[in-house]
Amino acid sequence: MCARADSRSRWSIYPSATRRWNGCPSCLKDDSEHAQAVQLIHTADVLITNMRPRALARLGLTYEDLAAANPGLVYAQAAGYRSDSDRADIAAYDETVQAASGLVDIVNRTLGTPRYLPTILADKICGLTIAYGALAALVHRNQTGHGQRIEIPMTDTMIAFNLVEHLAGHTFEPPSGSTGYPRSLAEHHTPRRTKDGVAALIPSNPQNYRDLFAAAGRPGLVADPRVNGAVVDPLDADDLSVLVDECAPALTTAEWAETRAKHSVAMGPVLELDHAHEDPYVREGHLIETVVHRTEGPVRTTGIPVKFSATPATIRRLAPVPGQDTAEVLAELAATR
């Protein structure tokens, strides 16, 4: 973890992504370090690996290799593809998973050009899935005493994630329509330009539309029959969305926030990332914290968004530098023998 300016942009993910890790790297091709790693695994509750099946077999680190000595081990294997598929040993990255899971197709339908989402969504969603999968397996182990192997293929995880809504017309057999969630894919399903910025304005029922049109000073639209029924006809959604686009510049973002408070119209200002650390909501929720790292000095790291009433979470251990904990970990390992 070098502190040179030209490497800091690449290092910047680590303060938030590797908190609570021990800095104890091992070269699994070295016999001595491989043996130490196996000994550590024999004392572990959970092992998480993103190595592909062939590499795990070559290193003697499959579930079957390890479970005999540690039958309570929860072995979480999270490669790019299922181990029983013909893609099992293909390398995968966030971008390839976005492509293989349909995300690129969804973006292509919206923008008219294939693009990756500008966030490592697949990595982060799969990380969450690994976490709750491992916790579920630990509950089972605590009840039965038995560990197990759980497999979290990234592509499978993201296909399931994407198709919750985008299976759409293909939910039925025979299909009643095409795939793709119409609301998300609608041309005007975008943030709106307000008088002084950008905001999300999402009216969801007839009363929301009438309140929004009234706030924008458009009484003729308030009387529109399309927003005076019991529900809004989905066939009218695109045309109404165009009208919302036209109304949004009538008020400032702050004035739309007042409308939200008064009428419960779903609205949210757009958070500009360069100013996220200054945002009152972010500050009050401690969603970005400044900490002092042992080699990098003051750094910002993401806070803890989950609030526990009985066991409040705190940031207690920062991202390690490689090797900083090796002596401590090996000493603890020696004490267990």
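Since we're looking at a predicted model, the values are computed, not measured.

Undergrad: Could you give an account of the overall build of the protein, with specific residues and numbers?
TA: A tally of helices and strands in the protein yields 16 helices and 8 strands. Its C-alpha radius of gyration of 25 Å places the protein more than 25% over the 20 Å reference for a compact globule of 337 residues. Reported as C-alpha extents along the three principal axes, the dimensions of the protein are approximately 80 × 55 × 45 Å. Taking as baseline every contact in the protein between residues at least 6 positions apart, the subset at least 24 positions apart corresponds to 62%. Taking the 32 positively charged and 40 negatively charged side chains of the protein as two groups, their mean positions are separated by 4 Å.

Undergrad: Just give me the short version of the environment of Q98, but keep the residues and values in it.
TA: Along the chain, Q98 turns up in helix α6 (residues 94-100). The class of Q98 is buried, set by a relative accessible area of 1%. For the pair Q98 and L121, spaced 23 residues apart in sequence, the C-alpha to C-alpha distance is 8.2 Å. Among residues more than four places away in sequence, those in contact with Q98 are L103, V104, Y116, L117, T119 and L121.

Undergrad: Help me get a handle on the sheet that holds strand β2 (residues 74-77), residues and values and all.
TA: Paired through backbone hydrogen bonds, the strands of a sheet run either parallel or antiparallel to each other. Pairing in this open sheet of 3 strands is parallel, and the strands run β1-β2-β3 from one edge to the other. The strands lining the two open edges of the sheet, one partner per strand, are β1 (46-49) and β3 (148-151). Pairwise comparison of adjacent strand axes, ignoring direction, gives a mean angle of 15° for this sheet. Looking at chain direction, β1 and β2 are connected through 4 bridges and run parallel. By the bridge assignment for β2, I48 is matched with A76. The strands that helix α8 (residues 121-144) touches are β1, β2 and β3; relative to β3, the one it contacts most, it runs at about 160°.

Undergrad: So what's going on with the packing of helix α11 (residues 206-215) against helix α14 (residues 253-263)? Which residues, and what values?
TA: Taken N-terminus to C-terminus, the directions of α11 and α14 make an angle of 140°; their axes are 11 Å apart at the nearest point. Judged on the interaxial angle alone, α14 and α11 are oblique. Pair α11 / α14 crosses with right-handed handedness. Residues N208, D211, L212 and A215 of α11 pack against W256, T259 and H263 of α14. Of the residues in the contact of α11 with α14, the class split is 3 nonpolar, 3 polar and 1 charged.

Undergrad: Help me get a handle on empty space enclosed by the protein, residues and values and all.
TA: Throughout the structure, instances matching the rule amount to 1 cavity of 30 Å³ or more. One number sums up the size of the largest cavity: a volume of about 30 Å³. Lining the largest cavity, in full, are P15, V291, H293, V299, T301, L318 and A319. Residue composition of the lining of the largest cavity, by class: 5 nonpolar, 2 polar and no charged.

Undergrad: For the nonpolar core, give the residues involved together with the corresponding values.
TA: Within soluble globular proteins, side chains that are nonpolar tend to cluster in buried spots. One finds L201, Y209, L212, F213 and W256 to be the most contacted residues of the largest nonpolar core, which totals 18 residues. Counting residues per element, this core draws most heavily on helix α13 (residues 237-247), at 4 residues. Leaving out residues up to four positions away in the same chain, F213 has contacts with R218, L221, V222, V227, L243, V244 and C247. Counting residues in hydrophobic clusters, the runner-up holds 11 residues, among them I41, L59, L61 and A67.

Undergrad: Just give me the short version of the sheet that holds strand β6 (residues 266-269), but keep the residues and values in it.
TA: The strand order β4-β5-β6 describes an open sheet built from 3 strands, whose pairing is antiparallel. At either end of the open sheet lies a strand with only one pairing partner, and these are β4 (192-193) and β6. Sheet topology places strand β5 (residues 198-202) next to β6; 4 bridges connect them, and they run antiparallel. Residue pairing in the sheet places A200 in a bridge with G268 of β6.

Undergrad: Account for α13, naming residues and giving values.
TA: Looking only at α13, the buried set comprises L240, S241, L243, V244 and C247. For α13, the angular spread of the buried residues around the axis is 160°, confining them to a single face. Looking at the buried residues of α13, the elements they touch are β4, β5, α11, α12 (219-222) and α14.

Undergrad: Give a description of the pattern of salt bridges that names residues and reports values.
TA: The tally for this structure, following the rule as stated, stands at 9 salt bridges. The residue D156 makes a salt bridge to R82 at a minimum N-O spacing of 2.7 Å. Highlighted residues: D156 in helix α9 (residues 154-166) and R82 in the loop between β2 and α6, separated in sequence by 74 residues. Of the charged contacts, one joins R149 and E151 as a salt bridge, the two residues approaching to 3.1 Å between their closest N and O atoms. Judged by relative accessible area, which is 31%, R149 ranks as partly exposed. Look at the salt bridges and you will find they share partners, linking R82, D84 and D156 into a network.

Scoring rules and cut-offs
- Residues numbered from 1 in each chain as written.
- Predicted model: local features only at pLDDT ≥ 70, side-chain atom pairs only at ≥ 80, totals over all residues.
- Heavy atoms only, no water.
- Helix = DSSP H or I, 4+ residues; strand = E, 2+ residues; numbered from the N terminus.
- Rg over C-alpha atoms; globule rule 2.2 N^0.38 Å.
- Contact = heavy atoms within 4.5 Å.
- Lys, Arg positive; Asp, Glu negative; His and termini not counted.
- Charge placed at Lys NZ, Arg CZ, Asp CG, Glu CD.
- Buried < 20%, exposed > 50% of the residue type's maximum accessible area, 1.4 Å probe, protein only.
- Pairing = 2+ DSSP bridges.
- Axes fitted to C-alpha atoms, helices over the stretch in contact; angles between N-to-C directions.
- Parallel < 35°, antiparallel > 145°, perpendicular 65-115°, else oblique.
- Left-handed = near helix turned anticlockwise from the far one by under 90°.
- Nonpolar A, V, L, I, M, F, W, Y, C, P; charged D, E, K, R; others polar.
- 1 Å grid on protein atoms, 1.4 Å probe; cavity = no way out; pocket = protein on both sides within 12 Å on 5 of 7 lines; lining within 4 Å.
- Points joined across faces, edges and corners; volume = space filled by probe spheres on them.
- Core = buried A, V, L, I, M, F, W, Y, C linked by side-chain atoms within 4.5 Å.
- Arc of directions from axis to C-beta.
- Salt bridge = Lys/Arg side-chain N within 4 Å of Asp/Glu carboxyl O.

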